[in-house]
Amino acid sequence: MSSRRPLYLPRRQVIRGLLATTAFGVTSKLWTGCSPAPTETQSSTGGGTASPVSGKPLVIGFIYNAPKADYGWNQAQASGAAAIASLPGIKIIEQESVPETKEVQEVMRNMIDQDGATVIVPTSFGYFDPHVLEVAKDYPEVQFFHSGTLWKEGMAKNVGSYFALVDEGQYLAGRIAAQASKAGKIGFVGAKPINPVLRNINSFMLGARSVKPNTKMQVIFTGDWSLPVKEAEATNSLADQGCDVIAVHVDSPKVVIETAEKRGVLCSGFHSDQSALAPKGYLTGTMYNWGTIHKKYVELLQAGKTLMNGGIPHQVIGGIAEDYISMATFGPGVTEAIKKDFDGTKAKLVDGSMVVYQGEVKDNAGAVKIPAGTAYKVTAPELTQIDWLAEGVAGKSS
Amino acid sequence: MALSRSNWRSTAEAICVPIAAILFALILFGIFCSFNGKDPFLVYEAIGKTAFGNWRSFQGTLLRAAPLMLTALCTALPARLGLMIIGNEGALVMGGIGATIFGLLLSYGSVLPTSTTTTLGLPPLMVQLGMALAGIVFGGVWIAIVGALRHYRAVNETISSLLMNYIAIALLNHLVEGPMKDPSSLNKPSSFPIPEIYLLGNLGGTRIHYGLLYGVIACTVAYFLIQHTTFGFAARTAGGNVKAARIAGLPVGKLTIIICFLAGSCAGLAGMVEVAAVQGQANASIVAGYGYSGILVAFVARYNPLAAALVAVLLGGIINSGGALQRSELLRMPDATVLVFQGLVFIVVLYSESLYGRLKIFKEPEVPATPPPTTTTTATV
Amino acid sequence: MADALGWWGVPLGILAGTLRGSAPFLFVSLGECLTEKSGKINLGLEGTLLTGAMTAYAVSSLLQDKVGSALSPWLGVLAAGCAGMLLGLLHAWLSQQPKVNDIAVGIAMIIFGSGIAFFFGKPFIQPKAPQLPTIDLGAWSSSPAVQSALKISPLFLLGVAIAPLMFWFFKSTRWGLFIRAVGDSPDAALAMGVSITKVRMLCIVAGSFLAGIGGACLSLYYPGLWSESVSSGQGLMAVALVIFARWNPIQCLWASLFFGGAQAVGPALQSVGIDQGRYLFNAAPYVLTLLIMIITCSPKKTLSGAPGALGTIN
């Protein structure tokens, strides 16, 4: 630090910084002219109705909390967005890697004010409270479709949820896993012990135990959605402990599937089709068909229906019967006999004669969580309160 | 008083060099974009419009700049003492934890309120003050530890503060998923939420929360502390030469710990703002990289707190414009673009540091030595 | 197929983690050691690591049809080293400018390097790239767990070989002496007629080459994929590692093994049922490093082995 001319150093830096920012601002004004007003009018005309009968495209904004190409959750959502991008009268804008802070609120506002979006689709759980709720208050004419199960009665009229429930798919995957497994021990690599992950684990386990009641499962939570090294270590530890089927719920199952293949154990994937990654050991896995839901929304929107006028339901959830989920390509471990059983069980789940959560269901401490005689459809709100692990699962949910 | 010749040269230098640096960085970025098939002028337009185009967008820039002003001080202050501390993220997290604990205690009397617990009914200002103080103390102590380790055990402060970051984040995750968890926050493990009346609001009519005000005040106070108090002078002296300072009798140990405490307290205050203005509770989302961005701001501002406030605005603008680059139909650039842009700007600005005093334009012209006057009338050349 | 190992799984998991996970730490810390011996800190190795990982994966994936899957990963490793060198050149040039602070440059390079890696790496997240071959040291065992634990990569062996080589290099060769002179006492180096700028540039570039190879370990060996979260901070920790190891390449080796093993502690413990405080277990390596530094550092004696010119601004 020079002490020769103490007065000049501060002034230099202050001037420097000031001029840098103003120069930037001034020169940018030269390019853009006056402050942009056209987008304001666009959103005000598009505000009253959601249907672009006038011929102006319906602008839908998608927000992801990580890069789209993550081979996992965000990629599935992005392919859902891509499914509607080429539909007539629809224009989608996307922004990725938006953290769950004030940033996402700003992004939503920018999409509405600058890009003229009238429908916003925030795809990460953590965006809902407080961010979506706060922005929804300021834009009552814009609709917000959040990907999750968090909407509750009494919330703002222009907010809705959609979700594809994986319980049935994972139940089927669990049955397949139990039939293909010789050791009767399943390993599960999960990110965090939150409700969707716990439901995944439990439905997988219930499926497995419906075939072999003595199946055991060991769960390892890595702590975050995308930690490749920890996921690989977890898979290896589970294989060390004798698990011969590995199931997974993290953002990108690629690491777990490939590591399981290297260890020569069977694996069951998630989010999207990973059969190419594990040609020997892959069984199957539940895949999201977000496109089906997105297309449904577009149909309703283009017919002039909105959340506010009651034309669009506030909660759009479903499972295998609605084709919101489907199963990935079967691997070589799925024999003809297993396939037959799968078809039979799937038919029963689709027509409703069988439910995944059929009492009596105990948690891994022995307490009865679903009493005998009670049955919950996957869409039941009680299931969103699950914070326990099913019987036979070794691990802690908190 | 007219500026003497040497004054205007260095002032001109101080104006031209940074502007040239930023423009050059923009040009480099434009070249990068055109190599990837994107029209650079569209890129410039998108950046300008979103970052500073109108009051609406500028609010967005200021909103993003707010936490950076505070976290930058966590590096800028100890740097005056010659310490290189990069523990801003950890101090922010600890401040957030402290603010949450005291926010809940002052609201409900307990960190784990049940459905029957009622609020204590304290006035909002008191609870907010409590949260701010808790944030300041938790963050301050965290970095003071780093300073103490440096002074008493000669542990390199860059490394120890880096390690403390990881430890703080692990502690946060452990607390919000364990002892402090709100059971109903099933999908996003968080602490119990702080009642809405106690949360920080926005500066009148804008979208910007009070964090911006805290940032500006903190930067101003820090500047005066360092430049215009004896304490600041002592710190700068010790930063220049520790041995000389010791010989002069300056209490280097005390200075170290106090400065580190102040540094950590600024970042801790940023953490409190994240909890009390943005999230409303403690959860993993308060870890958003503000600490690391703050380090960069501090360096580019050459550790001057006032300049740090302005550089924070610049960085806020860059981050703000990243979204436009992604969403623009014609551009559709990936999210990593803004990282490349940030990297370019800061590399060029850092390089421009070395140009001060070296450019011929701004140098004093060589004054030929005038010979001493002689008594004879003939002058020698 | 195998019976559960029970509690034996924990030490085995840690051993396996040590052999697998230490390779990136090893290369990056050796590279950083080289750089710091010449008196410059390169904090930007995190960006170099990511760029190296991306380049290795991309080259391996692009060339697999042209040169076959046996050769393409090795070309990927080479390409990663070269990519590292390019970033090293940039860092070396910038940090040797007058009045520029090493650490500031390092952090700018982390941002720039990560940005470049993520930007160009987008198309390579989906494809599968041929991986480096592994050497099966565990073929003698009938337990799949042991067999898998002892599958090590030739890169790991290369790193293990480089460590003592570097030690000998610093101690007993002329160039090693030049580097140490430049790092400990630039004035003495000048007096010897050694060009400080050239030596430092070579060291930074060579160090970045090694860091690039460290990145290749991540994407072509373990965990063996390319994605934006493939690094768990190995580049940043390497700087801590080098101080931890007192700038001694052999101790860098031990420290890398230690860190690699520490990464496996959390999952290994969870697999036997200990899952209270999993975050605290995951923070174990950092806490341990801090404790060891506190215990071993002392203000009475200067950090022995620290290059004298480290941390000064030229």
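Residues numbered from 1 in each chain as written. Chains lettered and ligands numbered in written order. Predicted model: local features only at pLDDT ≥ 70, side-chain atom pairs only at ≥ 80, totals over all residues. Heavy atoms only, no water.

## Describing the overall build of chain B
Next, step 1: Counting its secondary structure elements, chain B contains 13 helices and zero strands.
Next, step 2: The order of helices and strands in chain B, counted from the N terminus, is α-α-α-α-α-α-α-α-α-α-α-α-α.
Next, step 3: Taken along its principal axes, the extent of the C-alpha atoms in chain B is 105 × 65 × 40 Å.
Next, step 4: Counting every position in chain B, which comprises 381 residues, the buried fraction comes to 61%.
Next, step 5: Taking the intrachain contacts of chain B between residues at least 6 apart in sequence as the baseline, contacts between residues at least 24 apart amount to 75%.
Next, step 6: If you sum the accessible surface of chain B, you get close to 14600 Å²; carbon and sulfur atoms cover 69% of it.
Next, step 7: One finds the centroid of the 22 positive side-chain charges in chain B at a distance of 8 Å from the centroid of its 14 negative side-chain charges. (Helix = DSSP H or I, 4+ residues; strand = E, 2+ residues; numbered from the N terminus. Buried < 20%, exposed > 50% of the residue type's maximum accessible area, 1.4 Å probe, protein only. Contact = heavy atoms within 4.5 Å. Areas by Shrake-Rupley, 256 points an atom, 1.4 Å probe, with all protein chains shown as cover. Lys, Arg positive; Asp, Glu negative; His and termini not counted. Charge placed at Lys NZ, Arg CZ, Asp CG, Glu CD.)

## A few points about the layout of surface pockets
Next, step 1: What the second largest pocket holds in volume is close to 1200 Å³.
Next, step 2: What lines the second largest pocket is a set of 42 residues, among which Phe 128, Asp 129, Pro 130 and Leu 133 of chain A together with Gln 281 of chain B lie closest to the centre.
Next, step 3: Counting only elements with at least two residues in the lining of the second largest pocket, the list comes to α4 (102-113) and α5 (128-138) of chain A together with α10 (252-279) of chain B.
Next, step 4: Considering each element in turn, the lining of the second largest pocket owes the most residues, seven residues, to α5 of chain A.
Next, step 5: Taken together, the residues of the lining of the second largest pocket break down into 15 nonpolar, 15 polar and twelve charged. (1 Å grid on protein atoms, 1.4 Å probe; cavity = no way out; pocket = protein on both sides within 12 Å on 5 of 7 lines; lining within 4 Å. Points joined across faces, edges and corners; volume = space filled by probe spheres on them. Nonpolar A, V, L, I, M, F, W, Y, C, P; charged D, E, K, R; others polar.)

## Concerning the side chain of Ser 203 of chain A
Residue and element names in this part refer to chain A.
Next, step 1: Relative to the helices and strands, Ser 203 resides in helix α7 (residues 195-211).
Next, step 2: Judged by relative accessible area, Ser 203 falls into the buried class, the value being 0%.
Next, step 3: Not counting the four nearest positions on each side in its chain, Ser 203 is found in contact with Asp 167, Gln 170, Tyr 171, Val 356 and Tyr 357.

## Comments concerning the sheet that holds strand β9 (residues 266-271) of chain A
Each strand in a sheet pairs with its neighbour through backbone hydrogen bonds, running either in the same direction (parallel) or in the opposite one (antiparallel).
Residue and element names in this part refer to chain A.
Next, step 1: In spatial order, the strands read β12-β10-β9-β8-β6-β7-β17; together these seven strands make up an open sheet with mixed pairing. Of all strands in the sheet, those bounded by a partner on one side alone are β12 (325-327) and β17 (393-394).
Next, step 2: Examined bridge by bridge, strand β6 (residues 185-190) and strand β8 (residues 245-249) share five bridges and lie parallel to one another. Its bridge partner being in β8, Ile 186 is matched across the sheet by Val 245.
Next, step 3: Across the sheet, helix α6 (residues 167-180) lies against β8, β9, β10 (282-288) and β12, angled at about 175° from β10, the strand it touches most.
Next, step 4: Contacting β6, β8, β9 and β10, helix α9 (residues 254-263) crosses the sheet at an angle of about 170° to β9. (Pairing = 2+ DSSP bridges. Axes fitted to C-alpha atoms, helices over the stretch in contact; angles between N-to-C directions.)

## Focus on the packing of helix α2 (residues 40-52) of chain B against helix α3 (residues 55-80) of chain B
All names here are of chain B.
Next, step 1: For the pair α2 and α3, interaxial distance at closest approach is 5 Å and the crossing angle is 80°. Put simply, α2 runs roughly perpendicular to α3. Facing Lys 49, Thr 50, Ala 51 and Phe 52 of α2, the residues of α3 in contact are Ser 57, Phe 58 and Thr 61.
Next, step 2: Its residues assigned to classes, the contact of α2 with α3 comprises three nonpolar, three polar and one charged. (Parallel < 35°, antiparallel > 145°, perpendicular 65-115°, else oblique.)

## Overview of the domain arrangement of chain A
The accessible area lost on association of the parts is a frequent measure of interface size.
Residue and element names in this part refer to chain A.
Next, step 1: According to the domain assignment, chain A consists of domain 1 (51-164 + 290-318) and domain 2 (170-285 + 328-394).
Next, step 2: Between the C-alpha centres of domain 1 and domain 2 there is a distance of 30 Å.
Next, step 3: At the interface, ten residues of domain 1 touch eleven residues of domain 2.
Next, step 4: Buried surface at the junction of domain 1 and domain 2, both sides included, amounts to about 870 Å², of which 64% is carbon and sulfur.
Next, step 5: Together, Tyr 71, Trp 73 and Ile 317 form the three largest contributors to the area buried by domain 1 at its contact with domain 2, with a combined 53%.
Next, step 6: At the junction of domain 1 with domain 2, the criterion picks out zero salt bridges.
Next, step 7: Scanning the region where domain 1 abuts domain 2 turns up one residue pair in polar contact (both at pLDDT 80 or more). (Domains from an automatic or database assignment. Buried area = accessible area lost by both parts, 1.4 Å probe. Salt bridge = Lys/Arg side-chain N within 4 Å of Asp/Glu carboxyl O. Polar contact = N/O pair within 3.5 Å; in protein donor to acceptor, adjacent residues only side chain to side chain.)

## Looking at the environment of Val 127 of chain B
Residues and elements named next belong to chain B.
Next, step 1: Mapped onto the elements of the fold, Val 127 is located in helix α5 (residues 124-153).
Next, step 2: The spatial distance from the C-alpha of Val 127 to the C-alpha of Ser 107 is 7.1 Å, given a sequence separation of 20 residues.
Next, step 3: Aside from chain neighbours lying at most four places away, what touches Val 127 is Gly 103, Leu 106, Ser 107, Leu 122 and Tyr 198.

## Overview of the sheet that holds strand β11 (residues 315-318) of chain A
Residues and elements named next belong to chain A.
Next, step 1: Overall, parallel pairing links the six strands, which are arranged β2-β1-β3-β4-β5-β11 in an open sheet. Only two strands of the sheet have a single neighbouring strand rather than two, namely β2 (90-95) and β11. Along the sheet, successive strands turn relative to each other by an average axial angle of 20°, direction set aside.
Next, step 2: Sheet topology note: the strand β1 (residues 58-63)/β2 ladder contains six bridges and is parallel. For Ile 60, the partnering residue across the bridge sits in β2 and is Ile 92.
Next, step 3: Strands β1, β2, β4 (143-147) and β5 (159-164) of the sheet are contacted by helix α3 (residues 73-85), whose axis makes an angle of about 160° with β2.

## So, the pairing of β4 of chain A
All names here are of chain A.
Next, step 1: With five of five residues buried, β4 is to be regarded as a mostly interior element.
Next, step 2: Side chains of β4 alternate between two faces, with Gln 143, Phe 145 and Ser 147 and Phe 144 and His 146 buried alike.
Next, step 3: Where strand β3 (residues 119-122) meets β4, two bridges bridge the pair, whose relative direction is parallel. Residue pairing for β4: Ile 120 is matched across the bridge by Phe 144.
Next, step 4: As a crossover connection, the stretch from β3 through α5 into β4 is right-handed. (Right-handed = clockwise from strand over helix to strand, strands pointing away.)

## Digging into the pattern of salt bridges
Between side chains of opposite charge, a pair can form as their charged atoms come close.
Next, step 1: Inspection of the entire model under this criterion finds 21 salt bridges over all chains.
Next, step 2: Close ionic contact of Glu 177 of chain B with Lys 192 of chain A constitutes a salt bridge, the shortest N to O distance being 3.2 Å. Taken as a pair, Glu 177 of chain B in helix α6 (residues 157-177) and Lys 192 of chain A in the loop between β6 and α7 lie in two separate chains rather than in one.
Next, step 3: Under the relative-accessibility criterion, Glu 177 of chain B is labelled buried at 7%.
Next, step 4: Judged by relative accessible area, which is 8%, Lys 192 of chain A ranks as buried.
Next, step 5: Linking Lys 128 of chain C and Glu 258 of chain A is a salt bridge whose minimum nitrogen-to-oxygen distance equals 3.8 Å. One end of the pair, Lys 128 of chain C, is in the loop between α4 (102-121) and β1 (135-136); the other, Glu 258 of chain A, is in helix α9, on a second chain.
Next, step 6: The class for Lys 128 of chain C is partly exposed, based on a relative accessible area of 41%.
Next, step 7: One network of salt bridges, with partners in common, ties together Glu 96 of chain A, Asp 335 of chain B together with Lys 122 and Glu 228 of chain C.

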